[in-house]
Structures are given as structure tokens and as C-alpha cells.
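What follows is each chain in one-letter form.
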Amino acid sequence: MNARVMAFKAYFPLIGIAILALFLLVIAPGALSSFRLNNLGKYCCYAIAGVGIGLAWGRGGMLVLGQGLFFGLGAYAMGMHLKLEAAGPDAVPDFMMNFGSGVLPAWWAPFRSGAFTIAAIVVIPALVALVLGLAVFKRRIKGAYFAILSQALTVAFGALLVSQIKYTGGQTGLNSLSTFFGYNLYDPVNKKMIYMITAVILIVMLLITFQLYRSRFGEVLIATRDQEERVRFLGYDPANIKVVAFVIAAIMASIGGAMFVPMAGLINPREVSALASIMLIAGVALGGRATLLGPAIGALVVGYGRTSLSEAYPDQWTYFLGAMFIIVILFIPNGLTSVIPKAWQALNRRRTDIKEVEAV
Amino acid sequence: MNDPQTHEPDHLEIKDLAVSFDGFKAISGVDLALKQGRLHFLIGPNGAGKTTLVDALTGLVKASGHATYRGKDLLSLKSHQIVRAGVGRTFQTATVFEELSVLQNLDIAGGVHRSAWGMIMARRKVPTYVEEALETIGLQDVSRRPAGVLAHGQKQWLEIGMLLVQDAKVMFLDETVAGMSAEEREETGELLRRICPDRTIVVIEHDMDFVRTFADIVTVMHGGKVLTEGTVAEIQANPQVQEVYLGRSAEGTAHA
């Protein structure tokens, strides 16, 4: 294969991103009802988290079973801001009147500021992931132990949210949200705007990941996944490489969680539970964890599948979903999107075969 | 930087090095001076402690004693820090990144010289030091192939190329020519000769023909200790060596 074709092939994913952007930003807003579009927006949030999982798990080999933790950190940060907005200036959220002292806790107060909230959505999960990542990867904890640890933290986070009802709204979470940075959440125009913001964020995350995958960092990350010990003898500490990927994945999950809140109109512990984490990772596995677009597409498909199957078969839909995973993992272990390059290769092979036959 | 030792020629000094696994002394009392510009071979029967010695010097196993290179105590550093101090190694089985191309494999080894900003950029062109290494190891024709499809010998050369890109001043090569054809051995030896003058190269080897042809100096290890050290002629004349090593090896040359 000559260099020009190779260089061209390197940009293939951009074409995929462009097609996805066309679908999400042009076709879907025109074709879908406000309700369906809002649902698609929620799937985009899963997809944003999924892109991060693809980076950490697909490329970095870290089985991040607990991304619900970071999704939740972003979601609750956003939820707190919107809850304070809904309460109005100087007022206290309703559940604090019912369950708490009726005084706003000091650590809630800064979330009145939109700028602080946006910064918190990025910085808090990044710090948590940094500390956690350094503690875990420097000690060379990996594989199943890391997966169990990340899952356990998510369970602990969920339990904390439920138990601290004075601060978090407990099982019910933060609901009755009415505005998003001043825009009424019930106005269809604003709903569409929030959807568009989310879809654009997803596209931007994909572009960032595209650059990461083609960068030297992306190469070292794959090298670390495949032969961690060998990477040490290239002069890198593999722990640092993994921490960087883990932190980026955490930030993406957090942003996904934050955008989920205005579209759902609420946030509660169920949305960030261990089960939610598994749904996230399942979408990534379905779509193809090591590919660029696979995690996003997988998350969109699983989100859509959950809604439509649960509407049609409220009791049995989880079985369908389970069956789908078994089939995909048995027959297409690299995910749905891995089929496309294979088909392309097969097509190319046929073409060259034909050419050779003609040459003879 | 003002350390007087940096002005001396490169020299890895090993004093009283010992490694023990659960009380079993794998190596003990090893004193060695590894000097720049000569092909230094490390030989000895299986279990003599050759690989363990290299493992100790590259941070893979804990060791006591001293190993100083350019004023740094290697025994207190971690593997990746030792690499950054200029000491590199290969492994008995070539461990290249099979999915990456030959060029990418070489490029990835250049990370020690790069800033964090350089890491998030894609490779635009091939850096000159990568080009040079590619030429030195003679793999230009296969530079865009995935490393996984390379022949066994080519993989070993690629590993040496990666050490060149890393600019390792001290190279430990673990049984590099094992499993190579006679022609590949010849080429490997010449490659080592070419890169040797401004480096310290230490080769663990079993193949006595290869040692005889290319060694400037040979250290014989036996039972975790240094038995003797000298030129090929001196080693071959040493009755102790003949007893523990060469005698047996001479009978069993078929395996080489």
C-alpha cells in the first residue's frame, strides 16, 4: 500500500465523525419530535462518557467499570446549580427545608455561580481520577482488581448519595429543575438548544479523541495496553500514561453526566449506579471499544434500545439486551463497527483479485 | 552537572552486587567494570546468573551492592528512570509492538527526548534520529510493515534500533543471536561493531562461535559469581573455564 493511501486512510475516522455530525445536528433535529430529540440527547450523554471509556478501556486496557462515579460527579454538580437556580436567589432547595436544617451548607453555596459549576464539572472528577489513578496504577494494580475497585467506589458513591439526604436529596435526588442557566427547561426551543449543545460536545470529544489516537500519546497508550513492562524500557512510567487516559475519561464522563441533567430534568442515585456504569460499558463493548466511533455509536444504540424495547416490552426488554450482548461478544468480539473495515478489506481484496485475474 | 564523574569516559562500575530470591543467592559478590567502546560478552552455563545480573542493573529485581553509572546509583532507580539515565536492554524473546509499524516502533522509543507537548501531536515526518537508526539496522525496506510480520532476526535488529533511538549509551543485549541463521549472526555482529565505539555494549551469549568472532572482552559467570574475565584467547586457555563451560559446550555445539 503506498504512502498516500495510508495518509488518506488515517483520515477515515473524520469522515465517520462528519456523517455522525450530519445525523445528530441536521437530520435528527428536523426529523424527530421534541420528546424523541430530548431522548437522543440523553443517549448523546452516554456516548460522551462512552468515548472516554473507549479511550481508557479500548486503548488503555483499563476496565473502567465504575464510570458512573464520574458521570455522577458531573451530574450532581450540574444538578446542584440547577436546583439552586430553581430555588431562586437567597433561597434554599426544597428538600433541605424538609430534611435538613433549612440552611444552605457552605459547600453548596459556590454552586450558585454558573462559572464555578462549569469549572467544578471538569476539575472535581479530574482530581478524583488523578488521586485514584496514581494510587492504583503506581502500585501496579490492574485487570480484575482495578475493575472491582472502580465498581466498588461507584457503589459507595451511590450509597453516600442515598444516605446524605440532607445534602443530596437522597433516593429522590435533585428534581423539579426548571431552568438551565436562565433558560426555561420546558420551552421546546430551549430543549432543542440544550440538545444541540450536547450533540456538539459529543462531536468535539470525538475530534479530541481522534487527535489523541493519532498522536504519539495514542501510540504509547496502545503500547502500554499490550506490553506494559516493555513500555517501562522505553523510558516511560506506564502508570503516568494510564493516569492521563483515566483522567481524560473521567472528565468526559463528568461532562456527559452534567448535560444529562437538564435533559432528564432531574438526577438521582439510580442514574449513576453500578448498573448505569455497566450499561455505559456495555454500549462501548457493543460498538467496538478500541475504535474511535464504536463507543459513541454503541452508547447511542444501547440508549435507543433501552427506551424502545422498554416501551414495547416493559418486562422482558432486559433479556433482549442481554441476548444482543451475548451474540455480539460471541460473533463480533471487536464490536459492531469492526465489521465496516473488515467489509472494506474484503471488498478491496476482491478488487485486487479481479485486477490480477485481468492482468493474467 | 558539575559532578567530576561526568568528565570521565563512560563507565559502569559494579561493586559487590548480590541478588537473592527468598534466601537463595542467585548472584553474589559480583565486581565488574563495563567500559565504553568494546564489545563485552557475558557467558556462562544456564543458571549462572547472567540474566539476573542484567535484571538487577535495569531495575527488574532488587539487588544489594553498588552499580554506578555517570554518578547515578542504578540500584536505587526504577526501570524507566534507568532508561532515562542512558541504560537500555533487550529481552531474550524480542518484544516489539506487533501492531505498530517498524517506523512507529522506532519512533515510540524516542519519547525520552520529547516534551509533553510533542506527545499530543501526531508524527508529521520521520525525525532524523529515527531515520538514522533505521538505516543502521538496515530495515528501510520494511519500515512501514507491522513489526509483527518481521522475521525473528529482524525483530532483534528492530530492538537494537529502538535502543539507538533511545540513545542508550549502555546496552544490555540478552541472547540476541539465539535462533538466527549464520548469515543473520554475521550481520548482527557487524551491526554491533558499527555502533560499539561510542557505547558500552554487553551481550549475553551462548553461541561460542559468535563470541569468538566478535568479543573484545569476555566475562565468564558460574554459580552466581564472576569466574574470570579476559580476551577470548585468555578465556579459552583458562582450565577452570574449560571445566565448567567450554568443555561441555564444545561437545554440544549442535545446539548452537
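Predicted model only: the values in this text are computed from it and were never measured.

> Requested: an account of the interface of chain A and chain B, with residues and values cited.
The interface is formed by 20 residues belonging to chain A together with 30 residues belonging to chain B. When the buried surface of chain A facing chain B is broken down by residue, Arg216(A), Arg230(A) and Phe233(A) rank first, second and third, together holding 34% of it. Counting the contacts that link chain A with chain B gives three salt bridges. Notably, a salt bridge pairs Glu159(B) with Arg230(A), separated by 3.0 Å at the nearest N-O pair. At the surface where chain A touches chain B, the tally comes to 13 residue pairs in polar contact (both at pLDDT 80 or more). Of all the elements in the fold, those that place two or more residues in the side of chain A that touches chain B are helix 9 (188–214), helix 10 (216–226) and helix 11 (228–232) of chain A. Residue contributions to the side of chain A that touches chain B peak at seven residues, all from helix 10 of chain A. Its residues assigned to classes, the side of chain A that touches chain B shows seven nonpolar, four polar and nine charged.

> For the environment of Ala21(A), give the residues involved together with the corresponding values.
All names here are of chain A. Mapped onto the elements, Ala 21 comes out in helix 2 (residues 12–31). Remark: the alpha-carbon pair of Ala 21 and Leu 40, spanning 19 residues in sequence, is separated by 13 Å. The residues touching Ala 21, leaving out its near neighbours within four places in the chain, are Val 26 and Ile 203.

> I'd like to hear about unusual backbone geometry, residue by residue, with values.
Residues and elements named next belong to chain A. Within the chain, Arg 140 stands out as a residue other than glycine whose phi angle is a positive 60°. Mapped onto the elements of the fold, Arg 140 is located in the loop between helix 6 (114–137) and helix 7 (144–163). Positive phi, close to 50°, is recorded for Ser 176, a residue that is not glycine. Within the secondary structure, Ser 176 sits in the loop between helix 8 (165–168) and strand 1 (179–180).

Rules of the game
Residues numbered from 1 in each chain as written. Chains lettered and ligands numbered in written order. Predicted model: local features only at pLDDT ≥ 70, side-chain atom pairs only at ≥ 80, totals over all residues. Heavy atoms only, no water. Contact = heavy atoms within 4.5 Å. Buried area = accessible area lost by both parts, 1.4 Å probe. Salt bridge = Lys/Arg side-chain N within 4 Å of Asp/Glu carboxyl O. Polar contact = N/O pair within 3.5 Å; in protein donor to acceptor, adjacent residues only side chain to side chain. Helix = DSSP H or I, 4+ residues; strand = E, 2+ residues; numbered from the N terminus. Nonpolar A, V, L, I, M, F, W, Y, C, P; charged D, E, K, R; others polar.

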